[in-house]
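Analysis of the macromolecular model
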Amino acid sequence: MVEKEREERAYKTIIKTIKDAPLEEFYTSGHRTCQGCESALLMRFLAKSAGPRTIVIGATGCMYVANTTYYTTSWVVPWVHTQLGGSGAAALGTAAALKALMRKGKIKQEPINVIAFCGDLGCADMGLSGVSNAMTYDYNLLIILYDNESSANTDIQETSMTPYGAQTTFSRPGKVRRIMKRRWKKSVVPMIIAGHRTIKYAATMNPAYPLDGLNKIRKALEIGGPTFIHSLDPCPKGWDYDPQFSHELGVLAVETGIWPLYEYIEGKIVYDEPTKSIVEGRTKRKPVREFLEKQGRFSHFTEEDVEYFQRMVDEMYEDWEIPGVMPIKSLNVKIDDN
Amino acid sequence: MTETRKLIEKEVLMNGTQAVAHAAMYADVDVVTAYPIRPYTEVMDTISKLIADGELDAEFVIAEGEHGQFEAVKHASLVGARTLVGSSGTGWMYGMEAIVVTATDRAPVVAIIGNRALDDPGAYGVEHNDALMVRDVGWLLVWVDTAQEAFDTTLIAYRVGEDPRVLLPVGVSMDGGFLTHAEQIVRLPPKELAKEFLPPYNRGKYMVHPDNPISVAPQVNEDWVMELRRQHDEAMERARNVIVEAYDNFKKVFGRYPGTTKEIELPENPFVEPFMTDDAEVILVGMGTVSKPMKVAIKKMRQEGYKAGMLRLRWFRPFPTQDVMKYLGNTRVVCVVDRDYSIGSPNRGGAVYQEIRSALYDLDQRPKVLGFIGGLGGREVTIQDVEKIIKIGYEHRDTPITKPVYWAGVRGDPW
Ligand code: SF4
C-alpha cells in the first residue's frame, strides 16, 4: 500500500521554479563546514527535499565531523551516524526495520524516507560493497554520494574520486614525479546502473544547479526502491580556490563536460541541461582548462597534462556508447542514431 | 515453588544453532542479517526456513560481509526493531568496527557467536578468542553449554539487553562443532509463555523515528567521551541485577530453571554453574562444553579420592566476580582451562585465567591459580586431559607453583 502511494506521488511533487521550493529547513544552523562548502548545501537540499518524515544516516566524513558536533547538531530530522563503510548496510537495516515494524503493526504505516549519505571513501572506496548490496534489495532507501574528490575531513587525501593529476596530501608533486595521481576518476553512477538492473532511479547532480538537485532528490524518494545520487561538490579547502567561486566551479565542471548531469530513470538515460545541449550538439563544451586553471590543486599542470585531460574528456563524448556515461562501444552492432 | 503450568509444548531434537534460531522466532524478531561462516551459519539457515514456512515474520537481509551485517542490525535496532545477527571467528573480526559501535550506540542486538579459531591457519573448530575480542568494549557475553541452554539464554539475552536500564548488545557464545552441530533434545515451551516472559522491545526516548528526531552518535571530540564510557560501564553494572531478575522470572514463567530440562534444578545461579565445589580442594574453571569432560573426570577422580570440583562460567561480561570469590575462595587450587590464549600476557596465560586471578586477588587467603591452555582450534579436551589437570592441581596443594601455565596436549611437549 505504501509502495503504491509512493508510485502515485512520483513526479507529482516536482518543484517547477526555485521560488516554489519549500521554505522549511531541516538542516539548519549549528554546523561548522568551511565557507563555500558545497557539500553542506547538498545536505540542505536533501533535507529540504525530503521533508520532516525522514531518517538521515551519515557516514563518517566531512559532513559528519563538521555537522554533528555534540549539542549543536544541524539536523532537525532524526540523524544517525554510521561507520565510514557502513552507509549501505545502515540504510538497508533502517529500511528493513521500518518495513517489518510497519507490517507487524508495531509502528504506524506511513512513508518514511531513509537517506544515507557518504563521501568518497564511505561510498566509492571502502563502502562500495555495502552500497552495492543495498542496491540489490527492494527497500525504499536513497544513498547519496557527496563527492568532494578527496578525503576532505582528514586533510585532503587522494581517493579513487580524486581527478587525474590533482594535488592532495597523498599525491604531492615532487622533483622527479609531477603527476602522482595517475588513475582516472571512477564513474560511480554507471557502475551502479549497469550492475543493479532492478534499481529504478539514479542520477548525477551538482549543488550549482539547485532546482535540478532538489528535484532529483525528490524523484529518487518518490520513485522509491533503492536509489542513488552522485553529487559533485566543489570544496574550497581541498580544491584550493576562493570560497566565492564554489558555484562557478560547479557550473564549469558541467560546461566543460567533466561532470555530465543525467538521470537514469526506469532503464533509460535522460540528460539534463546544460549537458543535454552538449550531448545533442547544440552547445560546445568549454575547454577543460577553464575549470582546471581556477584551482590550486592543478597548479603544477603543464600544457601536456591539460591536453591529456582534455583528450580523456573528449573521448567521453566522442567515443562512448552513451556520451559521458558508458565507456563501451559496440563494434558489430549498428546503433540507431535517432 | 512454581504453579503448575503446561511446561512443555514439544520436545525436539536440534543442535545449538537451531535452538538459537527457534528462540529468535519465539522472540518474534523483526530483522535478521546473515552472512555465512562456519560454524555459526546454521542459525541463519534455520531462520531462512522458518521465514519461508511462515513461522517467523521478519526481514531477512543477506549482507555483503560481516561489517555490513552488524551495521545493518545496529541501525535496525536503533529504529526499534528486535534483531538477530551472528558470526564466527574471522567473520566476527571482519565485523569488529561495527560490533564495537553497536555497543557504544547502545543497540541491544543479540548475536550468536559460534566460537571458531582465528585464521591463519584456517580451522573451523572452537576457540574462544573470537568472542573474547569484545570483552573490553561493552558487550554482554554469555557462554552456553547445551542446546537447551542456548534456547533459554537467547530469550534471556533479549530480555536483559533490551531492558531500559541496560540497552546493550548481547553475544551468546557457543562452542563451534561441539555445540553448534551437536543435536540434543530441546524442550520448546508454549509460545504464549515466551510472550509473557519477554516484553516488546521499546527504546522509548532513544528510538530513531521522525516523531522523535534525535541525533545518534554525534561527534563529541574530547568533551564527552569520559562521561559516555562511564554511563556505558554503569549500564553493564546494572545488567547484573537485571540478569538475576530475568532468570528468576524465567523460572516463574516456564516452571524450570534456564538451561535445564528438569523442572527445577539447583543451584540457582545465573552467572556460574558450580559442580561438586563444596568440599573441593581443586576446582576446575572453564566455559562452554569443556564442562562435559570435566564433570566425567571429576566423578571418576572422586572415586579415587581426589576432591575435585568445577565452576563453569556462564556470563563473562559482566564478570561474576562475587561468585568467583564465593565458590573459589575456600579451595586450595584453581585450575583454569582456557579455550583461548593471550600471547605475551602475565604468565603467558589465557584470558579467563587472567580474569580469575584478578578476581581472586582481593581475598585474604587466595587459592593458587594454575592455567591450562587446551582444546584450541577444536581439538578435544579429553577426559584423560582433565584427569591430568586435576592431578597437577592436586600436586600443588602444598607446593609452590613453579610453572603457572601449561599447554595441555601440545605435540612433543610433555606437560
Ligand atoms: S573540507 Fe571541503 S567538504 Fe569538508 S567542510 Fe570544508 S569545504 Fe566542505
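Note: the structure precedes this text.
Residues numbered from 1 in each chain as written. Chains lettered and ligands numbered in written order. Predicted model: local features only at pLDDT ≥ 70, side-chain atom pairs only at ≥ 80, totals over all residues. Heavy atoms only, no water.

**Some words on the interface of chain A and chain B**
For clarity, the threshold we go by: Residues count as neighbours in contact if any of their non-hydrogen atoms are within 4.5 Å of one another. Using a 1.4 Å probe, buried area is obtained as the accessible area two parts lose upon being combined, added over both of them. Only one rule defines a salt bridge in this text: a Lys or Arg side-chain nitrogen within 4 Å of an Asp or Glu carboxyl oxygen. Any pair of nitrogen or oxygen atoms within 3.5 Å is treated as a polar contact; in protein, a donor-acceptor pairing is required on top of that, and neighbouring residues in sequence qualify only through side-chain atoms on both sides. The residue classification treats Ala, Val, Leu, Ile, Met, Phe, Trp, Tyr, Cys and Pro as nonpolar and Asp, Glu, Lys and Arg as charged. All others, Gly included, are polar. At least two bridges found by DSSP between two strands are what make those strands a pair. Each helix corresponds to a stretch of at least 4 residues labelled H or I by DSSP, and each strand to a stretch of at least 2 residues labelled E; elements are numbered beginning at the N terminus.
Tallying the contact residues gives 46 residues for chain A and 41 residues for chain B. Of the roughly 3400 Å² buried where chain A meets chain B, counting both sides, 58% is carbon and sulfur surface. In terms of surface lost to chain B, no three residues of chain A exceed A:Tyr70, A:Gln83 and A:Lys104, which account for 18% of the buried area on that side. At the junction of chain A and chain B, the tally comes to seven salt bridges. With a shortest N-O distance of 2.8 Å, B:Asp30 and A:Lys104 are connected by a salt bridge. Scanning the region where chain A abuts chain B turns up 21 residue pairs in polar contact (both at pLDDT 80 or more). Grouping the constituent residues of the side of chain A that touches chain B by class yields 25 nonpolar, 14 polar and seven charged. In this sheet, strand E9 (residues 215-216) of chain B lies alongside strand E2 (residues 79-82) of chain A in parallel orientation, the contact comprising two bridges.

**Notes on the site of the ligand**
The condition is simple: Here a residue is considered near a molecule or strand provided that any single heavy atom belonging to it is located within 4 Å of it.
Inspection of the region around the ligand gives A:Thr33, A:Cys34, A:Cys37, A:Cys62, A:Asn148, A:Ala152, A:Cys235, A:Pro236 and A:Lys237 as its neighbouring residues. For the shell around the ligand, the class distribution of residues is six nonpolar, two polar and one charged.

**As for the packing of aromatic side chains**
Spelled out, the test is: Stacked, tilted and edge-to-face are the three classes assigned to paired rings of Phe, Tyr and Trp, where Trp is represented by its six-membered ring and a pair needs centres within 6.5 Å; plane angles under 30 degrees give stacked, over 60 edge-to-face, the rest tilted. Here the term buried applies to any residue with accessible area under 20% of the maximum for its type, exposed to any over 50%, and partly exposed to those in between, with areas from a 1.4 Å probe on protein chains only.
Under the counting rule described, the total for this entry stands at 29 aromatic pairs over all chains. An angle of 15 degrees between the planes, with centres 5.7 Å apart, marks the rings of A:Tyr137 and A:Tyr139 as stacked. The same class applies to A:Tyr137 and to A:Tyr139, which are both buried. Note on B:Phe70 and B:Trp92: the rings are 5.4 Å apart at their centroids and 75 degrees apart in plane angle, and the pair reads as edge-to-face. Of this pair, B:Phe70 sits in helix H3 (residues 66-78) while B:Trp92 sits in helix H4 (residues 89-94); the two residues are 22 residues apart in sequence, bridging distant segments of the chain. One exposure class covers both B:Phe70 and B:Trp92, and it is buried. Chaining the aromatic ring pairs together yields one cluster made of A:Tyr164, A:Trp184, A:Phe298, A:Phe301, A:Tyr308 and A:Phe309.

**Re the sheet that holds strand E10 (residues 272-275) of chain B**
Residue and element names in this part refer to chain B. Convention followed: Geometry is summarised by axes, namely lines fitted to C-alpha atoms with helices restricted to the contacting stretch, and by angles between N-to-C directions that run from 0 to 180 degrees.
Sheet architecture is open: six strands sit in the order E10-E12-E11-E14-E15-E16, paired in mixed fashion. With partners counted over all chains shown, the strands left at the sheet margins are E10 and strand E16 (405-408), one partner each. The average undirected angle you get between the axes of adjacent strands in this sheet is 20 degrees. Taken together, the four bridges between strand E11 (residues 282-287) and strand E14 (residues 333-338) define a ladder with parallel strand orientation. When the sheet's bridge partners are listed, Ile283 is paired in E14 with Val334.

**A word on the packing of helix H1 (residues 16-26) of chain B against helix H7 (residues 147-162) of chain B**
All names here are of chain B. Operational definition: The hand of a helix crossing depends on one turn: near helix anticlockwise from the far one by less than a right angle means left-handed, and clockwise means right-handed.
Between H1 and H7, whose axes approach to 8 Å, the crossing angle comes to 35 degrees. Of the two elements, H1 crosses H7, and the hand of that crossing is right-handed. Listed contacts from H7 to Gly16, Ala19, Val20, His22, Ala23, Ala24 and Tyr26 of H1 are Ala147, Ala150, Phe151, Thr154, Leu155 and Tyr158. Within the contact of H1 with H7, the residues separate by chemical class into 10 nonpolar, three polar and no charged.

**Side note on the nonpolar core**
Generally speaking, soluble globular proteins have nonpolar side chains that are buried together. Put simply, the test is: In this description, a nonpolar core means a group of buried Ala, Val, Leu, Ile, Met, Phe, Trp, Tyr and Cys residues linked to one another through side-chain atoms lying within 4.5 Å.
Core analysis: the biggest nonpolar cluster contains 152 residues, and A:Leu141, A:Phe228, B:Leu84, B:Leu155, B:Leu313 and B:Ile356 have the highest contact counts within it. No other element matches the 10 residues that helix H9 (residues 225-254) of chain B contributes to this core. Membership of the second largest hydrophobic core comes to 34 residues, among which are A:Ala21, A:Met63, A:Ala203 and A:Ile217.

**Looking at the pairing of strand E12 (residues 308-313) of chain B**
Looking down a regular strand, the side chains alternate between one sheet face and the other. Residue and element names in this part refer to chain B. Among the six residues that make up E12, six are buried, leaving the element largely enclosed by the rest of the structure. Side chains Ala308, Met310 and Arg312 of E12 all project onto a buried face; the interleaved residues Gly309, Leu311 and Leu313 project onto the opposite face, where all are buried too. By the bridge criterion, four bridges tie E10 to E12 in an arrangement that is antiparallel. Paired with Phe275 across the strands is Met310, a residue of E12. Where E11 lies against E12, six bridges are found, and the strand directions are parallel. The partner of Gly286 across the bridge, within E12, is Arg312.

**A few points about the side chain of B:Thr33**
Residues and elements named next belong to chain B. Checked against the element boundaries, Thr33 lands in strand E2 (residues 31-34). Thr33 sits in the buried class, given a relative accessible area of 0%. For Thr33, the side chain forms a polar contact with the main-chain oxygen of Gln69, separated by 2.9 Å. With residues near it in sequence (within four places) discarded, Thr33 still touches Met44, Val61, Gln69, Ala72, Val73, Leu84 and Val85.

**Here we look at the environment of B:Asn202**
All names here are of chain B. If you trace the backbone, Asn202 turns up in the loop between helix H8 (191-197) and E9. For Asn202, a relative accessible area of 53% translates into the label exposed. Between the C-alpha atom of Asn202 and that of Arg82, which follows or precedes it by 120 residues, the distance is 9.3 Å.

**Quick notes on H1(B)**
Most of H1(B) is tucked away: 11 of the 11 residues are buried. B:Gly16, B:Thr17, B:Gln18, B:Ala19, B:Val20, B:Ala21, B:His22, B:Ala23, B:Ala24, B:Met25 and B:Tyr26 are the residues of H1(B) that are buried.

**Digging into unusual backbone geometry**
Most peptide bonds adopt trans geometry, and most residues besides glycine take a negative phi value. Residues and elements named next belong to chain B. Look at the link from Asp119 to Asp120: it is a cis peptide, with omega at -20 degrees. Relative to the elements of secondary structure, Asp120 occurs in the loop between strand E5 (110-115) and helix H6 (129-132). Cis rather than trans, the peptide bond between Asp120 and Pro121 has omega equal to -5 degrees. As for its placement among the helices and strands, Pro121 is situated in the loop between E5 and H6. One non-glycine residue, Met276, adopts positive backbone phi at about 50 degrees. The residue Met276 is located in the loop between E10 and E11 in this model.

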